[in-house]
Amino acid sequence: MAEYHRSAMIADSPSGYCPGCLHSLATRLISDVITELGQEDNALNVISVGCSALNLLYWSGDNLSVAHGRAPAAATGAKRANPERLVFAYQGDGDLAAIGLAEIMSAANRGENFTVIFANNQTYGMTGGQMAPTTLIGQKTTTTIYGRDPATTGYPMKMCELISQLPAPAYVARFALNSPKGVRQARDGIKKAFQMQLDGKGFTFIELLTNCPTNWKLSPLQTLEYMNTNTIPYFTPGVFKDITAKEADA
Amino acid sequence: MVEINTSLCKACGYCVKFCPKHILELGTVRNKRGHFYPVMTDADACITCAICATMCPEGAIDVSERKV
């Protein structure tokens, strides 16, 4: 037996996302966790540009809307000025892994005490499905019409693996939102990251594997299957770094 | 007990796919936005696992324990 009641932080109207888009599920998960932690009035959502920014009107918490890719830089300032607030950046893969690569790596390297939630759907959703750094090999997009070729465009960027190599981050984990199990793990992961931030443990990074039914040109249910067969084998879900696990062992 | 806020539904079908008792199906009536929202075919068979609510991107499903 289980109960589920949606967070009061979510607007009582449909989100601006396409049917089946897991961005709205991610926003709902974050809101549920914030409500559970009792941080409704303390949370600050830093958003930059992309479909990820559409959660601006969907949840009722505080927002800081900043330049493309610069959410970690703005979140650094927000958190340093207001250390008691729960600050998190919500970014897509074009935003975080392409345009904002310098900002995310620098913020992670400094070990800033805020959370970055990275929704990875392997495409630029809002601008019409162009290739992102995370686009899979062979995946067709509007800028790689014969499929992504590593000879000219390189390989999909694994952000969790990159960030977990740095000494400063406290918690780095990846979850897939295409199954109830994955959604529940993601919820626990987000809760853990937020709790670690409130405890002052340092930089926490959550990658959520999401979908884009519109630009992948698949039905919502087909995208979940596509994620199982293509996305998850390359972007392996799991916890890549957790300093509290080491403390527990010691 | 499962309550579906039909006005939020976008008919992605995730709840229908993941319901372990297969008692949800997309109906034949459209909501205001033109989506065929899901209906419950056998409410008594529901085990209130809340998997439908877990997977609903819009949070349109509210699950509470059944009153005995």
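Because the structure is a prediction, the values reported are computed rather than measured. (Residues numbered from 1 in each chain as written. Chains lettered and ligands numbered in written order. Predicted model: local features only at pLDDT ≥ 70, side-chain atom pairs only at ≥ 80, totals over all residues.)

### Quick word on the environment of A43 of chain B
All names here are of chain B. Going by this rule: Counting from the N terminus, the helices are DSSP H or I runs at least four residues long and the strands are E runs at least two residues long. Burial is judged by counting other C-beta atoms within 10 Å of a residue's own C-beta: 20 or more means buried, 12 or fewer means exposed, and anything between counts as partly exposed, with every C-beta placed from the backbone.
Within the fold, A43 resides in the loop between β3 (36-40) and α2 (51-55). Residue A43 is classed as exposed on the basis of its 11 C-beta neighbours within 10 Å. Each C-alpha atom of the pair A43 and T28 lies 18 Å from the other, and the pair is 15 residues apart in sequence.

### Description of the interface of chain A and chain B
Heads up, the condition is: Any pair of residues counts as being in contact when their C-beta atoms, constructed from backbone geometry, are within 7 Å of one another. Three classes are used, and their members are as follows: Ala, Val, Leu, Ile, Met, Phe, Trp, Tyr, Cys and Pro are nonpolar, Asp, Glu, Lys and Arg are charged, and the others, Gly among them, are polar.
In this assembly, 21 residues from chain A lie in contact with 23 residues from chain B. Secondary-structure elements contributing two or more residues to the side of chain A that touches chain B are α1 (22-37), α7 (180-198) and α9 (220-234) of chain A. Counting residues per element, the side of chain A that touches chain B draws most heavily on α1 of chain A, which supplies four residues. Residues belonging to the side of chain A that touches chain B are distributed by class as follows: 13 nonpolar, four polar and four charged.

### Focus on the sheet that holds strand β7 (residues 238-242) of chain A
Residue and element names in this part refer to chain A. Which entries qualify depends on this criterion: Strand pairing is assigned whenever DSSP identifies at least 2 bridges connecting the two strands. Fitted lines through C-alpha atoms serve as axes, helices being fitted only where they are in contact, and the angles separating the N-to-C directions of these axes extend from 0 to 180 degrees.
The seven strands are arranged β2-β1-β3-β4-β6-β5-β7 in an open sheet whose pairing can be described as mixed. The open sheet has two edge strands, β2 (62-65) and β7, and neither has a second partner. Ignoring strand direction, the axes of neighbouring strands in this sheet form an average angle of 20 degrees. In this sheet, β2 lies alongside strand β1 (residues 43-47) in parallel orientation, the contact comprising four bridges. Opposite N45, over in β2, you have N63 as the bridge partner.

### Here's the deal with the pairing of β3 of chain B
All names here are of chain B. Of the strand pairs in this sheet, strand β2 (residues 24-30) and β3 are connected by four bridges, and their pairing is antiparallel. Across the sheet, L26 pairs through a bridge with P38, a residue of β3. Remark: five residues form the turn of the hairpin made by β2 and β3, two consecutive strands paired antiparallel; G34 in that turn has positive phi of roughly 90 degrees.

### Observations concerning helix α2 (residues 71-81) of chain A
Residues and elements named next belong to chain A. With respect to burial, α2 is a largely interior element, eight of its 11 residues being buried. Those residues of α2 that fall on the buried side of the exposure criterion are A71, P72, A73, A74, A75, T76, A78 and K79. Residues of α2 that are buried make contact with β1, β2, β3 (86-92), α4 (101-110) and β4 (115-120).

### A look at the packing of α2 of chain A against α4 of chain A
All names here are of chain A. In plain terms, the rule: Roughly parallel means an angle under 35 degrees; roughly antiparallel means over 145; roughly perpendicular covers 65 to 115; every other angle is labelled oblique.
Two numbers describe how α2 lies on α4: the axes approach to 7 Å, and their chain directions differ by 40 degrees. The orientation of α2 relative to α4 falls into the category oblique. For the pair formed by α2 and α4, the contact residues are P72, A73 and T76 on the first element and E103, I104 and A107 on the second.

### Topic: the nonpolar core
This is how it is decided: As used throughout, a nonpolar core is a set of buried Ala, Val, Leu, Ile, Met, Phe, Trp, Tyr and Cys residues joined through C-beta atoms within 7 Å of each other.
V46, I117, L177 and L208 of chain A together with C52 of chain B are the most contacted members of the largest nonpolar core, which totals 84 residues. In terms of residue count, α1 of chain A provides more of this core than any other element does, seven residues in total.

### So, the packing of α1 of chain A against α7 of chain A
Residue and element names in this part refer to chain A. Spelled out, the test is: Helix crossings get a hand from a simple test, with the near helix turned counterclockwise from the far one by less than a right angle marking a left-handed crossing and a clockwise turn marking a right-handed one.
For the pair α1 and α7, interaxial distance at closest approach is 10 Å and the crossing angle is 50 degrees. Our classification of the angle between α1 and α7 gives oblique. Regarding α1 and α7, the two cross each other, and that crossing is right-handed. Here L25, L29, I30, D32, V33, E36 and L37 of α1 come into contact with α7, specifically with V183, A186, R187, I190, K191 and F194. Class assignment for the residues of the contact of α1 with α7 results in nine nonpolar, no polar and four charged.

### With respect to the environment of C18 of chain A
All names here are of chain A. Turning to its location among the elements, C18 is positioned in the segment before α1. On the basis of neighbour counts, which here come to 20 C-beta atoms within 10 Å, the residue C18 falls in the buried class. Along the chain, C18 and H68 lie 50 residues apart, while their C-alpha atoms are 22 Å from each other. Not counting residues within four places of it along the chain, the set of residues in contact with C18 comprises P213 and T214.

### What to know about the environment of T231 of chain A
Looking at the element boundaries, T231 of chain A is found in helix α9. Taking C-alpha positions, T231 of chain A is 29 Å from A67 of chain A, a pair spaced 164 residues apart along the chain.

### A short note on the confidence of the model for chain B
Residue and element names in this part refer to chain B. Stated precisely, the cut-off is as follows: Each residue carries a pLDDT score, the predictor's confidence in it, ranging from 0 to 100.
The predicted model of chain B has a mean per-residue pLDDT of 91, with 99% of residues at 70 or higher. The spread of mean pLDDT over the elements of chain B runs between strand β1 (residues 2-4), the lowest at 90, and helix α1 (residues 14-18), the highest at 94. Interface scoring of the predicted complex returns ipTM 0.91; its pTM is 0.93.

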